[in-house]
Amino acid sequence: MANKPPVIFLAFANYHEGSSGYLRNLPEETLGIERVLEEASQAGLCELVVKTNATIKEIIRVFQRPVYKDRIAIFHFGGHAKSYALQLENPFRGKDLVYPKGFSSFLGAQNNLKVVFLNACVTADQAKMVRKEGIPAVISTNDYVDDGLARDIAVNFYTFLGLGDPLEKAYNQSIDIIKTTRKTDNPRSLYARISQARDQLPWQFNFDPEEPDIKKWNLPLVSENPLYNIPNLPDLALPREPFPGLEPYTASHATVFKGRDYDIRDVYQLLTQKSFQSATLLWGSNGVGKTSLLLAGLIPRLEDTHQVTYIDCSKDPSFGKSIEKQVQAFLSKPRKENEKDSDQLFIIVLDHNEAPNKEELNTVLNQCRGQIKLRIVFSLRPKFLKDYEKLLSSQDFQTQGYYLGTLQANGIAQILNQFDGDEFYRATIGPKLANRLHSFLSIDSRSSITTPLQIILQHLWKTAKSKSYHAPNLTVDLFEENINEKFWRTYIREQLKLVDLEKLESGLSLNFLYDSAQSKDKTQDQLAHQYNHIKDTPTFIQKLFQYHLISDPATDKLEETTKIRLVHSALTIPVLNLNNESQLAGQQARRTITYTLNNRPPKAYLGTAELQLVKTGKMAMPALTPPEEELVQRSTSIHERKKKRKNRIMIFKIITAILLIGFGTQLNDPYLLLYILLIVILYDG
């Protein structure tokens, strides 16, 4: 199916016996579905194959045709059916009964067939057989239904599917329209035969519970056209440098922000959906690209039709009053039903608000509560998600979450492929570079690869331009030559300078990174406890997050506490080697203690110079463990006893010398006096 859109196969059969049973609305169902899918088909989201007066041979022939083989994603049947068979037409004997046992097995053998829609009477039993054959989603009926209603359900379903909505949402919206236009407090009125009607809607959507993603299946996804029906970017100039490195992409880089099209689509739909969900929690690991998605991917597309205000709460913590004024101005703006802005939303984006000022936040929440035109987006790391869910629930806010996962291989390819044939940058991208980058970065499955990717791409771009300013060439060879341990060492040192120069020079920063590299997913609290003798450890840890040296694991599983690891495993060897080679106090002290405990007898103690090293570097290494503390105390005690003993001996020598000088003077024998003094001086207890 690569490079070819999925096929929607519509088969209709209006077989009827005598003057009764003719489905007057079936032709309208056929034309209606073709009409609502016409735009999607022209945009390359799907290809339609329609067979009216279908026979079983024609249906099988369509599946067998090479041009459609393994491309049919949806099979739709509209017509008559019994509980035990579909009724198709036969030009010779009037009708063919298509029995589900064989036909279900046939459908189950079709690769990439995702949805079967049996829009005929009493097809529930047949649907069960189709599901058992491995078709992930089946829409069917549980009794006899009105053919006008069947037409409306089908046309509405394909309308929403053609607009790019996910499968389950398209189905639910088609049902909602029926509930809106027909009196459904008594579902019996929706059945063709009142005597057999039930107290539920006639249609049912069954899906494979072991394949939950089938609910999100949609045409833009499978046709690789995720931004279909999503507003285009405004007319923006290309940035001079396409890779911002550690800085997030902003509106100025929106034109080159690639690789997140599916996320842009999903979040855009969440924010603008008609159903009222006032708060959206956008969450993902540190450095995964939440801010870039908002500033470069979403907000430029929202601003044409909606009012958006973005607040970086780490830089502007006093945002409450400002937003309050904007909300009041928005709500007081007069609107008419026929104006373009009648459906305009006011979307408030609060980024980096992980330790919120409750007063400021309450000011915003009080303004937005119950206002269907107002939406709030909170951008969070996983650690803070549950706190926000609890807070918003306590204030009666309807919430929805969106997990931003790590960038995939096709995203990296999209980032690089945008430069093919580009006349502005005139760059050449090696054909194997995207795969090499992905293989290098994906070695660390628990890391968000976005941050290291941006670091690498910016460096490769600068290096390529230094070699050929007007025609930079990014290749695998350039990657291999430049992205090495030396590169990562430089990165680590430069970032540590920004975090805290004093802690870098003492060796504390390197020790903490060493423990992060060796932590095996220790929690933030556990690592902080190792450095509980440092007053500002929490602030220090947050800076290491901020400057992209450590991160939490890239996973959609919520942890009770934040786990800490290096931002990518590529930093592990450089961190270990920097520690091993460092002559800073923190590393010397740690090596001295470790060597003594591991390589000397149990009761060994530190020498005078070693003990001084440890005392000098103690505040630049983890808090001492009980064995380490015992070693330091034992060594200190031994050296103090030695010092006291030495002092006592010195006093003894002085007193003895004075007495002997007096005694030697009485003897009037200078040689004997010198001999006795020499013995006293050499005496060491």
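Quick note: structure is the one above.
Residues numbered from 1 in each chain as written. Predicted model: local features only at pLDDT ≥ 70, side-chain atom pairs only at ≥ 80, totals over all residues. Heavy atoms only, no water.

(A) Region of interest: the overall build of the protein chain. Helix and strand counts for the protein chain come out as 27 helices and 17 strands. In the protein chain, once contacts between residues fewer than 6 apart in sequence are set aside, the share between residues at least 24 apart is 72%. (Helix = DSSP H or I, 4+ residues; strand = E, 2+ residues; numbered from the N terminus. Contact = heavy atoms within 4.5 Å.)

(B) Just a positive patch on the surface, in detail. A cluster of like positive charges, contributed by Lys51, Lys57, Arg61 and Arg65, occupies part of the molecular surface. Relative to the helices and strands, arginine 65 is located in the loop between α3 (56-64) and β3 (72-82). (Patch = residues over 30% accessible without salt bridge, like charges linked within 9 Å, V, L, I, M, F, W, Y side chains within 5 Å. Areas by Shrake-Rupley, 256 points an atom, 1.4 Å probe, with all protein chains shown as cover. Salt bridge = Lys/Arg side-chain N within 4 Å of Asp/Glu carboxyl O. Lys, Arg positive; Asp, Glu negative; His and termini not counted. Charge placed at Lys NZ, Arg CZ, Asp CG, Glu CD.)

(C) Geometry of the packing of aromatic side chains. Under the definition given, this model contains 26 aromatic pairs. Seen in terms of ring centroids, phenylalanine 103 and phenylalanine 106 are 6.3 Å apart; in terms of plane orientation they differ by 15 degrees. Their pairing is stacked. Here phenylalanine 103 pairs with phenylalanine 106, and both are found in helix α4 (residues 100-108), just three residues apart, close to one helical turn. The class of phenylalanine 106 is partly exposed, set by a relative accessible area of 22%. Summarising the aromatic geometry, the rings of phenylalanine 419 and tryptophan 461 are spaced 5.8 Å apart at their centres and angled 35 degrees between planes, so their arrangement reads as tilted. (Phe/Tyr/Trp six-rings, centres within 6.5 Å; stacked < 30°, edge-to-face > 60°. Buried < 20%, exposed > 50% of the residue type's maximum accessible area, 1.4 Å probe, protein only.)

(D) Quick look at the pattern of salt bridges. Under the criterion given, the structure shown has 22 salt bridges. Among the ionic pairs, arginine 131 bridges to aspartate 208, the shortest N-O distance being 3.8 Å. Note that arginine 131 is positioned in helix α5 (residues 124-132) and aspartate 208 in the loop between β8 (203-207) and α8 (219-222), a separation of 77 residues in sequence. Per residue, the accessibility class of arginine 131 equals that of aspartate 208, and both read buried. Here arginine 489 makes a salt bridge to glutamate 485, at a shortest N to O gap of 3.0 Å. One end of the pair is arginine 489 and the other is glutamate 485, both in helix α18 (residues 485-499) and four residues apart, which spans about a single turn.

(E) Local environment of the sheet that holds strand β12 (residues 374-380). Strand order in the open sheet made by the five strands is β10-β11-β12-β9-β13, with parallel pairing throughout. The open sheet is flanked by β10 (307-312) and β13 (399-403), the only strands paired with a single partner. Ignoring strand direction, the axes of neighbouring strands in this sheet form an average angle of 15 degrees. Relative to β12, strand β11 (residues 346-351) runs parallel, the two sharing six bridges. Across the sheet, residue aspartate 351 finds its bridge partner in β12, namely serine 379. Sheet strands touched by helix α11 (residues 320-332): β10, β11 and β12. Its angle to β11, the strand with the most contacts, is close to 165 degrees. (Pairing = 2+ DSSP bridges. Axes fitted to C-alpha atoms, helices over the stretch in contact; angles between N-to-C directions.)

(F) Geometry of helix α14 (residues 409-417). Burial in α14 covers these residues: Gly411, Ile412, Ala413, Ile415 and Leu416. The elements touched by buried residues of α14 are β14 (428-429), α15 (433-441) and α16 (450-467).

(G) Up close: the nonpolar core. Membership of the largest hydrophobic core comes to 82 residues, with the highest contact counts inside it found for Leu437, Ile456, Trp488, Ile492, Leu513, Leu544 and Leu549. Non-local contacts of leucine 544, meaning those with residues more than four positions away in its chain, are made with Leu496, Val499, Phe512, Leu513, Leu549 and Ile550. Leu37, Cys46, Val155 and Leu167 belong to the second largest nonpolar core, which has 40 residues in total. (Core = buried A, V, L, I, M, F, W, Y, C linked by side-chain atoms within 4.5 Å.)

(H) Structural context of the environment of threonine 490. Structurally, the position occupied by threonine 490 is in helix α18. Put simply, threonine 490 and proline 574 are 84 residues apart on the chain and 9.4 Å apart in space, counted from C-alpha to C-alpha. A polar atom in the side chain of threonine 490 sits 3.0 Å from the backbone oxygen of lysine 486. (Polar contact = N/O pair within 3.5 Å; in protein donor to acceptor, adjacent residues only side chain to side chain.)

(I) Helix α22 (residues 537-546), seen in detail. Buried within α22 we find Thr537, Phe540, Ile541, Leu544 and Phe545. Taken down its axis, α22 places every buried residue within 145 degrees of arc, on the same side. Its buried side turned inward, α22 meets α18, α19 (501-506), α20 (508-517), α21 (524-530) and β16 (550-551). Just downstream of α22 lies histidine 548, where phi reads positive at about 60 degrees. (Arc of directions from axis to C-beta.)

(J) Examining the side chain of threonine 280 more closely. Structurally, threonine 280 is set in strand β9 (residues 279-283). Residue threonine 280 is classed as buried on the basis of its relative accessible area of 2%. With sequence-adjacent residues up to four places away left out, threonine 280 is seen in contact with Leu271, Ile376, Val377, Phe378 and Gln400.

(K) Spotlight on unusual backbone geometry. In the Ramachandran plot, asparagine 112 falls in the positive-phi region, its phi being about 75 degrees despite a non-glycine side chain. Judged by its relative accessible area of 34%, asparagine 112 is partly exposed. A positive phi angle, close to 70 degrees, is found at asparagine 229, a residue other than glycine. Here asparagine 229 is to be found in the loop between α8 and α9 (261-272). With relative accessibility at 43%, the residue asparagine 229 sits in the partly exposed group.

(L) Here's a closer look at the packing of α20 against α22. The N-to-C vectors of α20 and α22 enclose an angle of 70 degrees; their axes lie 12 Å apart at closest approach. Taken together, α20 and α22 sit at an angle that is classed as roughly perpendicular. On α22, the residues touching Ser509, Phe512 and Leu513 of α20 are Phe540, Ile541 and Leu544. Class assignment for the residues of the contact of α20 with α22 results in five nonpolar, one polar and no charged. (Parallel < 35°, antiparallel > 145°, perpendicular 65-115°, else oblique. Nonpolar A, V, L, I, M, F, W, Y, C, P; charged D, E, K, R; others polar.)

(M) Spatial organisation of the pairing of strand β7 (residues 137-141). Burial of β7 is extensive: five of the five residues sit out of reach of the surface. Of the two faces of β7, the one lined by Ala137, Ile139 and Thr141 and the one lined by Val138 and Ser140 are each fully buried. In this structure, strand β6 (residues 115-119) lies alongside β7, joined through three bridges in parallel fashion. Bridge pairing in β7 links phenylalanine 117 to isoleucine 139. Handedness of the β-α-β unit built from β6, α5 and β7 comes out right-handed. The pairing of β7 with β8 spans five bridges and is antiparallel. (Right-handed = clockwise from strand over helix to strand, strands pointing away.)

(N) Quick look at a nonpolar patch on the surface. Taken together, Met650, Ile654 and Ile658 make up a surface patch of nonpolar side chains, about 300 Å² in accessible area. Mapped onto the elements, isoleucine 658 comes out in helix α26 (residues 626-667). Given the relative accessible area of 57%, isoleucine 658 is considered exposed.

(O) Local environment of the packing of α20 against helix α23 (residues 572-581). Where α20 meets α23, the axes come as close as 9 Å, and the angle between the chain directions of the two elements is 135 degrees. Here α23 runs oblique to α20, going by the angle between their axes. At the point where α20 passes α23, the crossing takes the left-handed sense. Across the interface between the two elements, Leu510, Asn511, Leu513, Tyr514 and Ala517 from α20 touch Thr572, Val575, Leu576, Leu578 and Asn579 from α23. Across the contact of α20 with α23, the residue classes tally to seven nonpolar, three polar and no charged. (Left-handed = near helix turned anticlockwise from the far one by under 90°.)

(P) Geometry of the environment of valine 267. Here valine 267 shows up in helix α9. The sequence separation of valine 267 and leucine 298 amounts to 31 residues, and the corresponding C-alpha distance is 7.9 Å. Ignoring anything within four residues of it in the chain, the contact list for valine 267 reads Leu282, Leu293, Leu298 and Tyr402.

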